[in-house]
Structures are given as structure tokens and as C-alpha cells.
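# A look at the structure
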Amino acid sequence: MNPVFVTGHRNPDTDSIVSAMAYAHLQNALGHREYTAARIGVVNEETQRILSRFGYEAPLYVKNMRTQIQDLDFDHPTELNASVPMHLAWQTICDEEITTLPIVNDDGTLFSMLSAGDIASYNMKTIEDSHLDRVPIFNLLSVLEGQLVNPFHSQADSISGDVHIALPQAYDDAALQNRDSIILCGQQPEVIEAALRNNVNCLILCRTGIDPALAELDTGTCIISTAQDARTAARLIYQATPIERVCSTGDIVSFHLSDYLDDVRDTVLKSRFRSYPVLNEEEKVVGTLSRYHLLNPRRKKIVLVDHNELGQSVSGLDQAEIVGIIDHPRLADVQTGKPVFFRNEPIGSTTSIVASMYQEHGLLPSPNLAGLMAAAIISDTVLFKSPTCTQQDR
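We now turn to the structure provided with this report.

Conventions we followed
Residues numbered from 1 in each chain as written. Predicted model: local features only at pLDDT ≥ 70, side-chain atom pairs only at ≥ 80, totals over all residues. Heavy atoms only, no water. Phe/Tyr/Trp six-rings, centres within 6.5 Å; stacked < 30°, edge-to-face > 60°. Buried < 20%, exposed > 50% of the residue type's maximum accessible area, 1.4 Å probe, protein only. Lys NZ or Arg CZ within 6 Å of the ring centre and 35° of its normal. Pairing = 2+ DSSP bridges. Helix = DSSP H or I, 4+ residues; strand = E, 2+ residues; numbered from the N terminus. Arc of directions from axis to C-beta. Contact = heavy atoms within 4.5 Å. Polar contact = N/O pair within 3.5 Å; in protein donor to acceptor, adjacent residues only side chain to side chain. 1 Å grid on protein atoms, 1.4 Å probe; cavity = no way out; pocket = protein on both sides within 12 Å on 5 of 7 lines; lining within 4 Å. Points joined across faces, edges and corners; volume = space filled by probe spheres on them. Nonpolar A, V, L, I, M, F, W, Y, C, P; charged D, E, K, R; others polar. Core = buried A, V, L, I, M, F, W, Y, C linked by side-chain atoms within 4.5 Å. Salt bridge = Lys/Arg side-chain N within 4 Å of Asp/Glu carboxyl O. Axes fitted to C-alpha atoms, helices over the stretch in contact; angles between N-to-C directions. Left-handed = near helix turned anticlockwise from the far one by under 90°.

### Describing the packing of aromatic side chains
- A complete count under the given rule lists three aromatic pairs for this structure.
- Ring plane angle 90 degrees and centroid distance 6.0 Å describe the contact between Phe273 and Tyr276, whose orientation is recorded as edge-to-face.
- Here Tyr276 falls in the buried class, since its relative accessible area comes to 0%.
- Through pairs of rings, three or more aromatic residues link up here, namely Phe255, Phe273 and Tyr276.
- Residue placement shows Arg66 over the ring face of Tyr260; its charged tip is 3.9 Å from the ring centre.

Below you can see the structure in the form of C-alpha cells.
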């Protein structure tokens, strides 16, 4: 839930600061939503002394109310590590019904973006090129839902080679004699014997029983057993390729949570990507942004206290949604797009109005907050000598 900012005017005095703090506290006490006191100027010496006297920090400084990426309802797809198999990436895209996934490094920073088009392009290339290059054995076991028959084989942690299916009717003897081969077969003792004799890189046994003697063989061949048929396994093993080798690593357009919507919109219109990664201040991925997110942005919400004049208000107010105004005693030129809560009284201090609202709701501020409010009223009425001071202030 985005906060509602409560802020006074530029060059804030004590009444401006304290009325914002008191009103935010009142709304939070009523349980409406998260209200946050803010300021748009420097706290003066008097106000700082009063805040310190009652144990309060100055409100959050807000530079402007322009809409930022953090104000949008952007997507939060699953983030995948660059080392995971492509099979998992495709399953994630299908399950979440999206077209693009953010790919991250081990520390959560952006590595690249993977699209369904990247996966399709890679799959088409495997039709012409059957070579599998340095695919981690762990990935193979994952996509094939298989098990390693000889876990102590002398092979490295990855597998490379040309993929061949040894059909029962006919198979390529040359492939069985080639060390740089990945052989898929069923219950074919002669094929298994030839493959092991020639130390092919990998032997994948499809839908066949496992001879216990295979686990004890002193061979450099990695033997994997799977319940998949040979045709399915032949396609799945290409999906074991780490996604870091499939996704584009060129110039990636990304945005930060603090980026302003006006600037982002210009960049998006000049590029052709479907979605863009969104990063936080630590450069870690927190979501993705698409063009349709820019069509109906969620604007910041704000309550104006101690002023209702554009020239005295926060920059970018035209991009914010004003949900309330509490002021005394003058009306100015702030306009709203829809009905808002408005309270304006001929009184000496805006904090007096907020104090009345506490009484109307039957709430009592804490002793420190009450002291802070009393100080603000005394300050704004100039020790009750101001011509705008009323008995209600006193």
C-alpha cells in the first residue's frame, strides 16, 4: 500500500511541520491507511528546537510529487538464476503466462532478460546443429528426471557431444565409435557395450532396466537412466542448457524505482522491448515494466496542510492526487480533479484545527505529541497575540 503524504508549505514554520505530523498520526490511529508526514523545505531553528524538546525527528523530506516507477503496479515475475536450465525457464513462462523473465546473478543483480522468442530461436537452431556444449550433469538429471547410474565416473561436471538416438532398427556405428558423442538407447545390449567400449561422453538409457554392474564400471562415460522415451529425451536434453547461453547479453534498457514516469515514457517509446527490468537502489531486480503499465499510472496521494496555494506547495503537485486540505484562514488556487476532504477555519493555527479533530474522534494525543502541538499553536499565534488568534486556539 502506497503512503499518503501529509505536507505543509515551502519554507515551513512550526505550525506547518507539526500539523502535518499530528494529522498523519491521527489518521494512522483511526486505522484508515498509512499516512506519512513530510516536508518540502528546511526545518528552521525554532522548529528543530521544539522537535528535539519533545523527542521527535523532522518529517521525511519530499523533493516533488512526480510519478515514479515505484508508484506503478508493475509486474513481479519469478527471477531465475543465470545457471538454471532452459526447461525451468520455459515452465515458468508458461505457468505465469508471461513472455519475458528477468535473469539474475547470484547476488540478485541483473544478468539479462530472457524472452519466449529467445527460447524458440534456440530450439530452431538445434534442428540443424545437434551438438550439445558443456551442459551441467545436474541440469541433465533435472530435465530428464533421471538418475546418475555411475556417480563415480571420471567425467567432468558437464557433458558435451553430438546427440544420437540409437534406433533398434538401425543406428550409426560411427557415432558409437566417436568419443565426442551422446548416445540415447533403450534395451539394446550391443549398443550399450559398444558405447562403453569406446568411452562415449554420455550414455542415456531410456525406459530400460539398469544393470547393477554398470555402477561399478571403471569408465569415463557418464551413464544416465531416465523414464522418458528416446525421442522425448532427445529434445529435453537441449533444454538442459543454462539460460545464460540463450538470453541476449547486449545493451539492456532498465529502470530504477526512483526514475520518473515522464523520463521512462520517452525511453520506452524509443525502444522496441516488450518489458524492462526494474531495479532498486542496490541494483537488484524487483520486477518488470511493460508499456501498458504506463497507460494508467497510480499517482501519489497527498494531503495539504497549512496551505492551499500552488506557489507554496510541492513541485509536481499536478501529477499527484490531492485527497485532503486542512488550512486557515485563506483560500487560494489549488484545484482538484474530484471531491476531497476540505477543512478551512478562521482560526490562528492549523494545528488547532487538527487538535479539534482529535477531540471530535474522542482521541487523546500522547503527552509528547500534545506538547508539540501546543508549542505549534503558541508559535503560530505569536503567544496568542496574532490578529487571527481565537478563543479556540487558546
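### Notes on the sheet that holds strand β14 (residues 275–279)
- Strands sit in the order β13-β14-β15 across an open sheet of three strands; the sheet is mixed. Every interior strand has two partners, whereas the edge strands, β13 (255–256) and β15 (285–290), have only one.
- Pairing of β13 with β14 involves two bridges; the strand directions are parallel. Looking across to β14, one finds that Phe255 is bridged to Val278.

### Considering helix α2 (residues 45–53)
- Of all the residues in α2, the buried ones are Thr47, Ile50 and Leu51. The buried residues of α2 all sit within an arc of 100 degrees when viewed along its axis, so they share a single face. Along α2, exposed side chains directed more than 90 degrees from the buried face belong to Glu45, Arg49 and Arg53.
- Against α1 (14–29) and α11 (367–380) lie the buried residues of α2.
- At the N-terminal boundary of α2, the capping side chain belongs to Asn44, with an oxygen 3.2 Å from the backbone nitrogen of Glu46.
- Gly55, located one to two residues past α2, shows a positive phi value of around 75 degrees.

### Considering the layout of surface pockets
- Roughly 400 Å³ of internal volume is contained in the largest pocket.
- Lining the largest pocket are 19 residues, and of these Met113, Ser115, Asp118, Arg272 and Phe273 sit closest to its centre.
- Counting residues per element, the lining of the largest pocket draws most heavily on strand β6 (residues 110–115), at four residues.
- For the lining of the largest pocket, the residue count by class is seven nonpolar, eight polar and four charged.
- Tyr122, His131, Leu132, Asp133 and Thr241 are the residues nearest the centre of the second largest pocket, which is lined by 13 residues in total.
- Looking at the lining of the second largest pocket, the elements with two or more residues in it are α4 (116–128) and β7 (131–136).
- Sorting elements by how many residues they give to the lining of the second largest pocket places β7 first, with five residues.
- When the residues that make up the lining of the second largest pocket are grouped by side-chain class, the tally is five nonpolar, three polar and five charged.

### Remarks on the nonpolar core
- Counting 36 residues, the largest nonpolar core has Ile204 and Ile237 as the members making the most contacts within it.
- When residues in this core are grouped by element, the largest group, five residues, is from helix α5 (residues 137–144).
- Filtering out sequence-adjacent residues up to four positions away, Ile204 remains in contact with Leu144, Ile182, Ile183, Leu184, Cys185, Ile224, Thr226 and Ile237.

### Digging into the pattern of salt bridges
- For the coordinates displayed, the defined rule picks out 13 salt bridges.
- One salt bridge in this structure joins Asp73 and Arg298, with 2.4 Å as the shortest N-O distance. Of this pair, Asp73 sits in the loop between β3 (60–61) and β4 (80–81) while Arg298 is found in the loop between β15 and β16 (301–305), placing the two residues 225 residues apart along the sequence.
- A relative accessible area of 51% places Asp73 in the exposed class.
- The partner of Arg197 in a salt bridge is Glu193, and the shortest N-O contact between them spans 3.8 Å. Of the two residues, Arg197 and Glu193 both sit in helix α7 (residues 189–197), four residues apart, roughly one turn of that helix. Each member of the pair, Arg197 as well as Glu193, carries the same accessibility label: exposed.
- Salt bridges linked by common partners bring Arg66, Asp262, Asp263 and Arg265 together as one network.

### Re the sheet that holds strand β2 (residues 35–39)
- Ordered in space as β3-β2-β1-β16-β17-β18, the six strands form an open sheet in which the pairing is parallel. Lying at the two open borders of the sheet, with one neighbouring strand each, are β3 and β18 (341–344).
- The sheet contact formed by strand β1 (residues 4–7) and β16 spans four bridges and is parallel. From the neighbouring strand, Val4 faces β16, where its bridge partner is Lys301.
- Docked against the sheet, α1 engages β1, β2, β16, β17 (321–327) and β18, running at close to 170 degrees with respect to β2.

### Details of the packing of α1 against α11
- Packing of α1 against α11 leaves a shortest axis separation of 9 Å and a crossing angle of 145 degrees. For α1 against α11, the interelement crossing comes out left-handed. Residues Thr14, Asp15, Val18, Met21, Ala22 and His25 of α1 pack against Leu369, Leu372, Met373, Ala376, Ser379 and Asp380 of α11.

### Topic: the environment of Tyr23
- Tracing the sequence through the fold places Tyr23 in helix α1.
- You can call Tyr23 buried: its relative accessible area is 5%.
- C-alpha of Tyr23 to C-alpha of Ile326: the two residues are 303 residues apart in sequence and 9.3 Å apart in space.
- Residues contacting Tyr23, with those up to four places away along its chain left out, are Val6, Tyr35, Val303, Ile326, Phe341, Val354 and Met357.

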